[in-house]
Amino acid sequence: MPMSHTNNNAPRRILVVDDNATIHEDIRKILCPARTGTELLEAEAELFGSDAKLKQATPQEFKIDSAFQGAEGLAMAEAALKRGEPYALAFVDVRMPPGWDGIETIRRIWQVNPELQIVICTAYSDHSWEDITMQLGHSDNFVILKKPFDNIEVLQLAHALSRKWELAREAGLQMSHLNEMVRQQTAELRAVNESLHAEIRRREVTELELQGSEHRFALAFMASAIPMGIMHASTRTYLEVNESFTRLVGRERTEVVGKTSNEMKLLARPEDCDSAMEALRRLGRVRDFTCRILTNSEEIRETLVSLEPVVLGEEACILVAMLDVTEQRKLESQLRQSQKMDAIGQLAAGVAHDFNNLLTIIHGHASLQMARSAKDDQLSHSLTQVKLAADRAATLTRQLLAFSRKQVMQPHPLSMNESIERAHAMLKRLLGETITLDCVCGQNLPLVWADENSIDQVIMNLAVNARDAMPNGGILQIATAAVNLSKEDVSRHPDARPGSFVRLSVVDNGCGMDTAVINRIFEPFFTTKAPGKGTGLGLSTVYGIVKQHEGWVEVESAPGLGTKFHIFFEVTQKTRTQSHETAMFTLAEGESRTQKETVLVVEDEAVLREFVTTILQQQGYVVLHASDGLEALQVCQQTVAKIDLLLTDMVMPNGMSGAKLATQMLARRKGLKVLYTSGYSQELMENSGQLIVGTNFLPKPFDVNKLLKAVRRCLEAEAPNPLKTTGLTGVNA
């Protein structure tokens, strides 16, 4: 390659950086004088000797640019370099307020053009040689010129340093030329080396063929349980696939070999192939690339694809391995949904607990005022509306508690077939004439341990949901069956477990649902119905009831293909003779039958505690009260007289629940009766919410009559044995 040479007769470009315009003018006069060529030669002869005229017939010219601040000088140096007209020399003043000083300016310009020769101009002694070299480093690319400077000295520096710059550039060009020659020779050597390596690789492949490695690889490849294929690297056609691969994609080997993934329409997203190949090119190998496979039956399977480059018979190929994770992803999705529902349930239960306290206060005071204003029709009507609104709100909280699995239940051995038969007539009226009800009850169906009212609610809610999905009519099938699940059967749902179960199925041929809707149907207040057409609590209530019975719900649906709900309840070994009967207590309206008993009321809600205390005192009871369990124990210790009844909330602050308080007081007070009250309580639940006769329970919200009936029932019942473990039961007060 021919080497480029600099033009020695071209004007040498000089940059002057000084905040003093006079300096610019002086340097310009020295280096670019307005005189004839002869005069210039004479000056040069005086400077360089008497032979200058003979040695240089044409005088050297300079082109000077001016900058008055360091930043301006840097910008001009960058622009000149981009134009291919770099400066050879720069005169830089040391002090240039208010911007950079000369040292900072030189440092920045050298970052752009390190070959630039520098003359540092200074009239001060505040920058010593040591200071300058410490900041700029030891370099032969700068000299220091003291002001005021001599014209001959300036001219000498301009000639010498600009010529030095030219020689350095010529040396650089020469070095570039030599480097290019070295690069070419290196490339030729590399090519020869690669050729030798290729020859070595070919010999290694030949040796491997002789050793039978490809045969062993083929045996392992074909016998692998992992779906695998070999793809040509350039054409992307499959050269071979194993049996596991053909089973996964649902195609014969002859349908795969010789074709690409896109030709077979194997990928749900054809662009995934390009993405995987690009990742292979960048990374050298691909691990666990998520890809959706479309089988021959148009079923979508989630897979993790790994790609590994291999060389077979001197051909560049790609080993493709697939891992089917469809079922795993489904389980992960179901688990996330279950965790989300649990979190929502905790929130709903907390809201219901506080709301029930408020409803008890509203309902109770409305009842009191109605009794006092019976002759005022207008006021009685308003109070009646308040009570009705409180009742509706109480129904809403019961639904929230059902969803959050905090409602109080009274389970017993139950026949699912009898529940369906009992609800049949009501379901017919509920569904209307356009929907055909088909009940298919399994024979010899075993019993389940369940709350009868809750199961009726599940059946009704699912029937209503199916009816709304069939606005133009259809068929609703309700079926029961006994099923035995093995370990292999339970993989379809995270809550499923092996054992004997009764399966309740509710199937419709309505509009169906897509995946996005299915993922949210059990969320409270979620509904696809028009505003005002549904509360969004029907299916969430079903979910909570089933979970509280330690069962689970499986849903199958697709748009236009209807919906199937399958609910699983575990079979119980208990018989009907073991079911628990709760003795009913009756009390005539307004009758108290009090005998001046002493009642200890423990309630952390101050307004509710005051309401209960007032009602009981009006009925002639002696009432003690406390705001929590610790205060109640102090009252018990300070009271010498007999305490006949402990009326306590279940959920209270300061670490002592109503159940713990009752346990301690029963140990201290023989014959003490206990009445629990709560909007909900996790501590009420034993064996997932199953209640055992032994202690009374008054659910919130309650009115005056329910409170008085529950108190009398408790006082007139047999006292609990404090040495025997007792559970709870609901009270129909």
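Description of the structure in this document. (Residues numbered from 1 in each chain as written. Predicted model: local features only at pLDDT ≥ 70, side-chain atom pairs only at ≥ 80, totals over all residues. Heavy atoms only, no water.)

### Brief notes about the packing of aromatic side chains
Tallied over the entire structure, the rule returns 4 aromatic pairs. With centroids separated by 5.4 Å and ring planes inclined at 55°, the aromatic side chains of Y238 and F245 adopt a geometry described as tilted. For the residue pair Y238 and F245, the accessibility class agrees, reading buried in each case. Between the aromatic rings of F501 and W552, the centroid separation amounts to 5.0 Å while the plane-to-plane angle is 75°, which identifies the pairing as edge-to-face. With a gap of 51 residues between them, F501 in strand β15 (residues 499–508) and W552 in strand β16 (residues 552–557) connect regions that are remote in the sequence. Residues F501 and W552 agree in their burial class; the two are buried. By way of ring pairs, the aromatic residues F501, W552 and F568 are connected into one cluster. Over the ring of W449 we find K574; its NZ or CZ atom is 3.8 Å from the centre of that ring. (Phe/Tyr/Trp six-rings, centres within 6.5 Å; stacked < 30°, edge-to-face > 60°. Buried < 20%, exposed > 50% of the residue type's maximum accessible area, 1.4 Å probe, protein only. Helix = DSSP H or I, 4+ residues; strand = E, 2+ residues; numbered from the N terminus. Lys NZ or Arg CZ within 6 Å of the ring centre and 35° of its normal.)

### Some thoughts on the pattern of salt bridges
As a working rule, side chains carrying opposite charge can pair if their charged atoms are close by. Across all of its chains, the model carries 29 salt bridges by this definition. As a salt-bridge pair, R163 and E166 come within 3.1 Å of each other at their nearest N and O atoms. Residue R163 and its partner E166 are both found in helix α7 (residues 151–211); the two are separated by 3 residues, about one turn of the helix. According to the relative accessible area criterion, E166 is buried, its value standing at 4%. For D456, the salt bridge goes to R422, with nearest N and O atoms at 3.2 Å. Of the two residues, D456 sits in helix α16 (residues 452–468) while R422 sits in helix α15 (residues 416–431), which places them 34 residues apart along the sequence. The exposure class assigned to D456 is buried, which follows from its relative accessible area of 18%. Salt bridges here are not isolated pairs; linked through shared partners, they connect R13, K63, D65, R83 and E85. (Salt bridge = Lys/Arg side-chain N within 4 Å of Asp/Glu carboxyl O.)

### Section: helix α5 (residues 102–112)
Looking at α5, one finds that the buried residues are G102, I103, T105, I106, I109 and W110. The arc enclosing the buried residues of α5, seen along the axis, measures out at 160°, which places them on a common side. Considering only its buried residues, α5 is in contact with β1 (12–17), α4 (70–83), β3 (89–93), β4 (117–122), α6 (129–136) and β5 (142–146). The N-terminus of α5 is capped by D101, whose side-chain oxygen sits 3.3 Å from the backbone nitrogen of I103. (Arc of directions from axis to C-beta. Contact = heavy atoms within 4.5 Å. Polar contact = N/O pair within 3.5 Å; in protein donor to acceptor, adjacent residues only side chain to side chain.)

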